[in-house]
Amino acid sequence: MLGKLGIGNTYPNPSVGCCLVVDDKIIGEGYTSIAGGNHAEANAINSVEDKSLLKLSTIYVTLEPCCHHGKTPPCVDKIIACGIKKVVIGIKDPNPIVCGKGIEKLKENGVEVISGVLKNECIKHHKRFLSYIINKRPYIILKWAETYDGFIAPKEKNINEPYWISNTRSRQLVHKWRSEEQAILVGAKTIREDDPRLTTRDWEGKNCDIYILSKNGVQKDYKIFNQDSKVTMLDSQEIDYDKDIVKQICEKLYADKILSIIVEGGTKTLLNFIDSGVWDEIRVFKTHEKLGDGINGPNIKYKASKKCDIGNNKLEYYLNKGVTFSNM
């Protein structure tokens, strides 16, 4: 899917994929540019060498074309101006400023519109944007690595450096995940004990914004403060720690226009989300190593939706089936 090529670079916009077809031949394709740049439809149309073919083409797009003026003109206006007579849409845009208005304007101007094509696939692709618009919070991924006997770290370890449980291939995969999401959340204990960088250094892509859950804050002499990541402290000035922490975190992230976040630890921070039921995916690396004793990882009682081997690690995926996108 073309839209996958933009994931991680388009926030706070969705990463839309689009192509134009004439007589079963693709004549143009595009995906969403970095925020402030062209949307997928404009990029696809601009890529067509012979513009006379536009009036004969069908345009396929994963998300309903926009009909409002933002940093760029409305995509529906460009489609209409090019004389394109048929638009095939994966899913309607639930954003209230669009929400069917793009489809309506196309139809009013004589454009045939077919929607709901590969709907489930497009919902999955646009899960970050849909979570933000419909559920008023980012798409939340919980991630950790644990030993065969369920520990995420020994009780005693070197301070200011991580204790690696996962292998190098698994760690590179985590960097790929970071390149796809907008932000990372960790607890203060993880910062103080591991002094992690939380970057995408083993994968091409920009670093995430970093949020630290810490009642009293942390000193700014850790690695995360010496790189290009934007760091936000969720201290007692931002969060009332006597009330629902997860609800307040989600409200803050929503206000900051964060569409997706990876929660990377530690156990207490992860359990806040698991216990609240407010999460979308869990990704757990499991190893054959045994520690015998240590810091327990989160205890979850869900059935993995997918398992795969990453070298000598086992990666398990869990989906929160209690979270749905209504009104789609």
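Figured I'd write up the structure that's included with this text.

1. Describing the pattern of salt bridges
Charged atoms that come close allow side chains of opposite charge to pair. Tallied over the entire structure, the rule returns 19 salt bridges. A salt bridge links Asp 280 to Arg 137, with the nearest nitrogen and oxygen atoms 2.7 Å apart. Highlighted residues: Asp 280 in the loop between helix 9 (267-276) and strand 12 (281-286) and Arg 137 in the loop between helix 5 (127-134) and strand 6 (139-146), separated in sequence by 143 residues. The exposure class of Arg 137 is buried, given its relative accessible area of 8%.

2. So, the sheet that holds strand 5 (residues 112-115)
Judged by pairing direction, the sheet is mixed, and its 5 strands sit side by side in the order 2-1-3-4-5 without closing on themselves. Only two strands of the sheet have a single neighbouring strand rather than two, namely strand 2 (25-31) and strand 5. When the angles between neighbouring strand axes are averaged without regard to direction, this sheet yields 20°. In the sheet, strand 1 (residues 17-22) pairs with strand 3 (residues 58-63) via 4 bridges, with the strands oriented antiparallel.

3. A look at the sheet that holds strand 14 (residues 306-310)
Ordered by their spatial adjacency, 8 strands build an open sheet running 10-9-8-11-6-12-15-14, and the pairing between neighbours is mixed. Every other strand in the sheet has two partners, leaving strand 10 (231-234) and strand 14 as the edge strands with one partner each. Strand-to-strand twist in this sheet, taken as the mean axis angle between neighbours without regard to direction, amounts to 20°. Across 6 bridges, strand 6 lies against strand 12 in parallel orientation. Counted as the bridge partner of Glu 146 is Lys 286 from strand 12.

Criteria and thresholds
- Residues numbered from 1 in each chain as written.
- Predicted model: local features only at pLDDT ≥ 70, side-chain atom pairs only at ≥ 80, totals over all residues.
- Heavy atoms only, no water.
- Salt bridge = Lys/Arg side-chain N within 4 Å of Asp/Glu carboxyl O.
- Helix = DSSP H or I, 4+ residues; strand = E, 2+ residues; numbered from the N terminus.
- Buried < 20%, exposed > 50% of the residue type's maximum accessible area, 1.4 Å probe, protein only.
- Pairing = 2+ DSSP bridges.
- Axes fitted to C-alpha atoms, helices over the stretch in contact; angles between N-to-C directions.

Note that every value here comes from positions in space, so none of it alone points to a role or purpose.
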